[in-house]
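A look at the structure
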Amino acid sequence: MNGTSIDIRRRNFLKASAAVGGGLILGFYVPSRGAEIAAAQVPPPAVEPNAWIRIDSNGNITILVAKAEMGQGVYTSMPMLIAEELEVNWDKIRVAPAPAAPVYKHTVFGVQVTGGSTSVSSSWDQLRTVGATMREMLILTAAKQWGVAPETCQAKMGLVKHSASSREADYGSLAEQAAKMSVPQNVTLKDPKDFKIIGKAVPRLDTPEKIDGSGLFGLDVRILDMLIAVVARSPVFGGTVKSIKDDQAKKIPGVKIVAQVPTGIVVAADDFWSAKQGRDALEIVWEEGEGAQLSTEALREQYAELAKAPGAVAHKEGDAGQALSGAAKQLEGVYEVPYLAHACMEPLNCVVDLREDRCEIWTGTQFQGGDQNAAAAVAGLQPEQVKINTMLLGGGFGRRANPHSDFVVEAVQVAKALKKPVKVIWTREDDMRGGYYRPLWYSKLAAGLDEEGKPVAWTHRIVGQSIIAGTAFEEAMIQNGIDGASVEGAADLPYAIPNLLVDLHSPKNLVPVQWWRSVGHSHTGFVVESFIDELAAAAGKDPYEFRRNLLAAHPRHLGVLELVAKQAGWGQAPPAGRSRGLSVHASFGSWVAQVAEVSVDKNGQISVHRVVCAVDCGRVVNPDTVKAQMESGIIFGLSAALFGEITLKGGRVEQSNFHDYPVVRLDESPEVDVHIVPSSERPTGVGEPGTPPIAAAVANAVFAATGARVRRLPMTADRVKEAMKAM
Amino acid sequence: MIKLNVNGKDYAVDVSSEVPLLWVIRDHLQLTGTKFGCGMSLCGACTVHVDGEATRSCVTPVGDVAGKKIVTIEGLPPDLGNPLQTAWTAEEVPQCGYCQPGQIMAAAALLALNPKPEDAEIDDAMSGNICRCGTYPRIRRAIHLAAKTTSARGEQ
């Protein structure tokens, strides 16, 4: 999704809706700034009888959160924004997931979605205003009851007070009347110096249910008369069922229905194990089609061939070709990164109860808005007839915001075929082989240095599938042949190099691709920060000083760079046997610099011992969440840097589970030491920006340790050894 | 009928003895705190205790554990669970939270055997449990913290 920071100033629609259950409900809408993502044409939302805040008569406050909680902490950060302005004690706050409804549309994207590391930034004005407006309505109610001027009343810790007459009333006693107030306009937001909650490491509200087994994820949902289903899907992308023998499957005890759906054959049973046994007993002949020809080795060759010719220009300054040929020193590098699966801990799943006039869905989704529309289209209903219950997400990382709503659409098709409530469960293998990967990327770079070692030219040609092509967002998001998400982090190179050319080829093939934590930055962070390190080495300069000199015009890059260097002890000798690598990368409006301390053994095996991270994400809402997200982004990126690779051969995905798609485990996890740059700028993203720098920090440390440059991910021991031999 | 003792309660379940314990716990007993992650004993999300030992329920045929003492996250005894859950809260360990019941069950089995584990022992006991959110540094700290509070209480 889009990485630009969000600046929402306009607020032109604020309205309270009717009370539900005696509590106060406030609906609030900030119009989309425009065309950053599809939904450019956001219709003004109808006022819905639900919204953000519910206050019961005991003064307990439930905040409805429109964002999906997938670990990034929105079930805490969103309530913090409201609670700060509402003037309540944090221990009164409860949280509940909001349904899918127009009032909950993302203020920038215009559709209800959680992604692009935008939850705090896009809700910053919106939810503080919601809280402040509610506070004003409670004050107005009390003032009216007491017959005093509202300006003489104060709200504090869940009470409205009138000190002149020593009267006070708690929010619980005021809520019902407050609901009937007309909504005040132009409420005043607090001066940040008065913040009591924002900026504090407030404990997460979702911890208790996540440590005692009571938290309900999509996979845990059980509804009346529900069957459990698994789907046999084509072993190659785009394949269809040619013929099917299901008599053995139907004999498995517990198996109730075998049926065909657009994605394959569904086996539904009383329980998962019976359904899976039934699926194993199916005999299906697939019409594989051209998908059977897919091979990642062939794609790599095709991409290398494509990279010989100029692509669509994403960014151009000066004349890079001429400057390059005139440069005192020239460098070239080819970088490659593979397809990657998200491999969320909770495999995909979706529960559907489809009736003639309505459809109810329970799932962990990042994309309630899109899923609601897509489910309605399949079910032949209107979107408002589709109710979405957002469950806890056992990881998202982008996979659960599918632009085609793949796992929801399929589950509705299954429910249609079975005519029964159903839970569709994907096995780990289904999930791993089900596509929607981070694209495979091929990058070809060249750069020129002058006699002092100063870069004078930089060219970067990128080859890889567009994520947006073929989705409903294509028209709005692809401009002049450029999908911005393909070149983000490369086209906006911050380094002061006078002649630049970044161009792009966007070949199409049948492998489904999708955003994966940090999207385009997941490859450009590695490529750009590795190649700039190559330039530093070629110039004979220290990697830190080299970057600093080229970033003089970028104070926030410099801020994180200087902080990380200081905290990591850059310039002092690393602990014995270890080497350090540095990288800095801006994404999702935030700046992150990292230093990795690694060692490499003679077999090329990398150990990452420690990562020091500095982040500037503007004003911090919850500092512990920022730290946790940096730790998380780093370890997620480290799995990709060291292990992650999806390959295809004969159209088949070769990986299937965690034995052949390994991820970082506890014994491989580094210590992570996070430092936050203090800032009073608007908040920006934290869920993704920790991921892009880590692969380059490690690769640069491997270079420092061995002199070998690893230009292809993952950095398996074999590849590192090969690079060491090639020296 | 297979007789099971789960969290101190006796059950008779009408399933074949080859069905993995995980799916009996989840689909038949409707205890959903124990999670499905891989089905191959690779990720640890399904960790339960069988006679006190951390066991991957996704590859354990239910017939093999008939008559044994099975404990899931829902039935973790307070003497094992409380220090860990308190430490998990203090260190703000969970993110998405999906793997955490398995992590806590693995950590509880470790501390029951080894009340003061060293880092290397934590590595050995916990590296079978994957966390995609990367909460590992906090898990490590939380285990040390739980060990400290447990031993402090034991010495009183």
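Throughout this document, residue positions are counted from 1 along each chain, in the order its sequence is written. Following the order in which they are written, the chains are lettered starting with A and the ligands numbered starting with 1. The model is predicted, so local features are restricted to residues of pLDDT at least 70 and side-chain atom pairs to those at 80 or more, both for listing and for counting; the totals for chains, interfaces and linings are taken over all residues.

1. What about the overall build of chain B?
In this text, helices come from DSSP runs of H or I with a minimum length of four residues, and strands from runs of E with a minimum of two, each type numbered from the N-terminal end. Looking only at helices and strands, one finds 5 helices and 5 strands in chain B. Start at the N end of chain B and walk to the C end: the helices and strands fall as β-β-α-β-β-β-α-α-α-α. C-alpha atoms define the radius of gyration, and 2.2 Å times the number of residues to the power 0.38 defines the globule rule. What you see for chain B is a C-alpha radius of gyration of 15 Å, in line with the 15 Å of a compact globule of 156 residues. Its C-alpha atoms put chain B at 45 × 35 × 25 Å along the principal axes. Exposed residues have 12 or fewer other C-beta atoms within 10 Å of their own C-beta, buried residues have 20 or more, and partly exposed residues fall in between, where C-beta atoms are placed from the backbone. In chain B, which comprises 156 residues, the share counted as buried stands at 59%. In chain B, 63% of the contacts between residues at least 6 apart in sequence involve partners at least 24 apart. Contact between residues is assigned whenever the C-beta positions, reconstructed from backbone atoms, fall within 7 Å.

2. A look at the confidence of the model for chain A
Confidence in the prediction for chain A averages 92 pLDDT; 93% of positions are at 70 or higher. As a per-residue measure, pLDDT reflects the predictor's confidence and takes values from 0 up to 100. A low-confidence stretch, residues 1-50 of chain A stays under pLDDT 50, and its non-local contacts, those more than four residues away or across chains, total 136 contacts.

3. A short note on the sheet that holds strand β5 (residues 69-71) of chain B
Residues and elements named next belong to chain B. Strands were regarded as paired on the criterion that DSSP finds at least two bridges between them. Strand order in the open sheet formed by 5 strands is β2-β1-β5-β3-β4, and the pairing between neighbours is mixed. Edge positions in the sheet fall to β2 (9-13) and β4 (53-56), since each has one partner strand and no second. Between one strand axis and the next, the sheet turns through 40 degrees on average, direction left out of account. Here strand β1 (residues 2-6) runs beside β5; their pairing, made up of 2 bridges, is parallel. Bridge assignment links N5 to a residue of β5, and that residue is K69. Between the N-to-C directions of two axes lies an angle of 0 to 180 degrees, each axis being a line fitted to C-alpha atoms and, for a helix, fitted only over the stretch in contact.

4. What about helix α9 (residues 368-379) of chain A?
Residue and element names in this part refer to chain A. Its 12 residues give α9 an end-to-end C-alpha distance of 16 Å, which sits within 8% of 16 Å, the value for a rise of 1.5 Å per residue. The buried count for α9 comes to 9 of 12 residues, which makes it a mostly enclosed element. When α9 is considered as a whole, its buried residues turn out to be Q368, G369, G370, D371, Q372, A374, A375, V378 and A379. Against β16 (349-354), β17 (359-363), β18 (386-390) and α10 (406-418) lie the buried residues of α9. G380, located one to two residues past α9, shows a positive phi value of around 70 degrees. Here the expected span of a helix is defined as 1.5 Å times the quantity of residues minus one.

5. A look at the sheet that holds strand β4 (residues 61-65) of chain A
All names here are of chain A. Strand order in this open sheet of 3 strands is β3-β4-β5, and the pairing throughout is mixed. The sheet is open, and its two borders are formed by β3 (53-55) and β5 (93-97), each paired with just one other strand. Each adjacent strand pair in this sheet contributes to an overall mean axis angle of 25 degrees, direction not counted. In terms of strand pairing, β4 meets β5 through 5 bridges, oriented parallel. The residue bridging L64 from the neighbouring strand is A96, located in β5. Seen against the sheet, helix α1 (residues 74-86) touches β3, β4 and β5 and runs at an angle of roughly 120 degrees to β4.

6. Digging into helix α14 (residues 521-539) of chain A
Residue and element names in this part refer to chain A. Along its 19 residues, α14 runs 26 Å from first to last C-alpha, staying within 8% of the 27 Å computed at 1.5 Å per residue. Within α14, 15 of the 19 residues are buried, which leaves it mostly tucked inside the rest of the structure. A positive phi of about 70 degrees marks G540, the residue just after α14.

7. Considerations on the pairing of strand β26 (residues 590-600) of chain A
All names here are of chain A. Most of β26 sits inside the fold, with 10 of its 11 residues counted as buried. Taken together, the 9 bridges between strand β25 (residues 579-587) and β26 define a ladder with antiparallel strand orientation. Bridging from a neighbouring strand, S579 pairs with V598 of β26. Counted along the chain from β26 to the antiparallel partner strand β27 (residues 606-616), the turn is 5 residues long, and its residue G604 has a positive phi close to 85 degrees.

8. Here's the deal with the interface of chain A and chain B
Of the residues lining the interface, 48 residues belong to chain A; the matching set on chain B comes to 43 residues. Put simply, the parts of the chain that give the side of chain A that touches chain B at least two residues each are α4 (207-211), α6 (272-280), α17 (623-642) and β30 (671-676) of chain A. It is α17 of chain A that contributes the most residues to the side of chain A that touches chain B, 7 residues altogether. Residues that form the side of chain A that touches chain B fall into these classes: 22 nonpolar, 12 polar and 14 charged. For this classification, the nonpolar set comprises Ala, Val, Leu, Ile, Met, Phe, Trp, Tyr, Cys and Pro, the charged set comprises Asp, Glu, Lys and Arg, and every other residue, Gly included, is treated as polar.

9. Some words on the domain arrangement of chain A
Residue and element names in this part refer to chain A. Looking at chain A, the domain boundaries give domain 1 (13-207), domain 2 (218-289 + 348-425) and domain 3 (296-339 + 437-725). The C-alpha centroid of domain 3 is placed 39 Å from the C-alpha centroid of domain 1. Contact residues are listed per partner, giving 23 residues for domain 1 and 26 residues for domain 3. Counting residues per element, the ones that place at least two in the side of domain 1 that touches domain 3 are α1 and α2 (119-146). Broken down by element, the residue count for the side of domain 1 that touches domain 3 peaks at 4 residues, all from α1. What marks off one domain from the next here is an automatic or database domain assignment.

10. So, the domain arrangement of chain B
Residue and element names in this part refer to chain B. If you check the domain split of chain B, you get domain 1 (2-75) and domain 2 (78-155). The gap between the C-alpha centroids of domain 1 and domain 2 is 21 Å. Contact with domain 1, which involves 15 residues of that partner, is made by 12 residues of domain 2. Elements represented by at least two residues in the side of domain 1 that touches domain 2 include exactly β3 (47-50) and β4. Ranked by the residues each element gives to the side of domain 1 that touches domain 2, the list is headed by β3, at 3 residues. Across the side of domain 1 that touches domain 2, the residue classes break down as 6 nonpolar, 7 polar and 2 charged.

11. Focus on the environment of L504 of chain A
Residues and elements named next belong to chain A. Here L504 shows up in strand β24 (residues 499-505). On the basis of neighbour counts, which here come to 23 C-beta atoms within 10 Å, the residue L504 falls in the buried class. For the pair L504 and A490, spaced 14 residues apart in the sequence, the C-alpha separation amounts to 11 Å. Among all residues touching L504, those that are not within four sequence positions of it are G311, A312, A314, I462, I482, S486 and V487.

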